[in-house]
Amino acid sequence: PNPEGGTIDLKAEVRDGKLCVTVTDTGMGFSPNARTGVGLANIRERLQQLFGATGTLTIEPNLPSGTRATIAVPYAVP
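Keep in mind the model is a prediction, meaning the values are calculated, not measured.

(A) Summary view of helix 1 (residues 38-51). Between the first and last C-alpha of helix 1 there are 20 Å, a value that for 14 residues agrees with the 20 Å anticipated at 1.5 Å per step. In the stretch just after helix 1, glycine 52 is the one whose phi turns positive, near 65°.

Right under this line is the structure:
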């Protein structure tokens, strides 16, 4: 809901044996009162089921504004 608009960037890279997919935006970001919703909880649960502790979802501020979400899963070349 940023009146000035913003951008969304998508990046995928292999880092330390993991495929990391990052979505970054320059919007308003999460409010300090934001709670984890059902969708994020479902993603974390699915990553846990598929990859155990090696599959992660991290969400953090994208300074100076916005949010950065990264999913990391094990990666191996077949």
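(B) Region of interest: the side chain of threonine 70. Secondary-structure assignment places threonine 70 in strand 4 (residues 67-74). You can call threonine 70 buried: its relative accessible area is 9%. At 3.0 Å, the side chain of threonine 70 forms a polar contact with the side chain of threonine 22. Setting aside chain neighbours within four positions, we find threonine 70 in contact with Arg15, Cys20, Val21, Thr22, Thr56, Leu57 and Thr58.

(C) Broad picture of the sheet that holds strand 1 (residues 8-15). The four strands are arranged 1-2-4-3 in an open sheet whose pairing can be described as antiparallel. Whereas interior strands pair on both sides, the edge strands pair on one side only; in this sheet they are strand 1 and strand 3 (56-61). Ignoring which end each strand starts from, the neighbouring axes of this sheet average 15° apart. Relative to strand 2 (residues 18-25), strand 1 runs antiparallel, the two sharing eight bridges. Bridge pairing in strand 2 links arginine 15 to lysine 18. Lying on the sheet, helix 1 is in contact with strand 3 and strand 4; it crosses strand 3 at an angle near 145°.

(D) Inspection of the environment of threonine 24 at higher detail. Relative to the assigned elements, threonine 24 resides in strand 2. Overall, threonine 24 belongs to the buried group, its relative accessible area being 16%. Each C-alpha atom of the pair threonine 24 and arginine 68 lies 4.4 Å from the other, and the pair is 44 residues apart in sequence. Sequence-distant contacts of threonine 24, defined by excluding residues within four places in its chain, comprise Thr7, Ile8, Asp9, Asn62, Thr67 and Arg68.

(E) Representation of the side chain of threonine 67 in the model. Position of threonine 67 among the secondary structure elements: in strand 4. Take threonine 67: its relative accessible area is 12%, and that puts it in the buried class.

(F) Examining the pairing of strand 3 more closely. Inspection of the sheet shows strand 3 paired to strand 4 by six bridges, in the antiparallel sense. Across the sheet, glutamate 60 pairs through a bridge with arginine 68, a residue of strand 4. The antiparallel hairpin formed by strand 3 and strand 4 contains five residues in its connecting segment, where glycine 66 sits at a positive phi of about 105°.

About the cut-offs
- Residues numbered from 1 in each chain as written.
- Predicted model: local features only at pLDDT ≥ 70, side-chain atom pairs only at ≥ 80, totals over all residues.
- Heavy atoms only, no water.
- Helix = DSSP H or I, 4+ residues; strand = E, 2+ residues; numbered from the N terminus.
- Expected span 1.5 Å × (residues − 1).
- Buried < 20%, exposed > 50% of the residue type's maximum accessible area, 1.4 Å probe, protein only.
- Polar contact = N/O pair within 3.5 Å; in protein donor to acceptor, adjacent residues only side chain to side chain.
- Contact = heavy atoms within 4.5 Å.
- Pairing = 2+ DSSP bridges.
- Axes fitted to C-alpha atoms, helices over the stretch in contact; angles between N-to-C directions.

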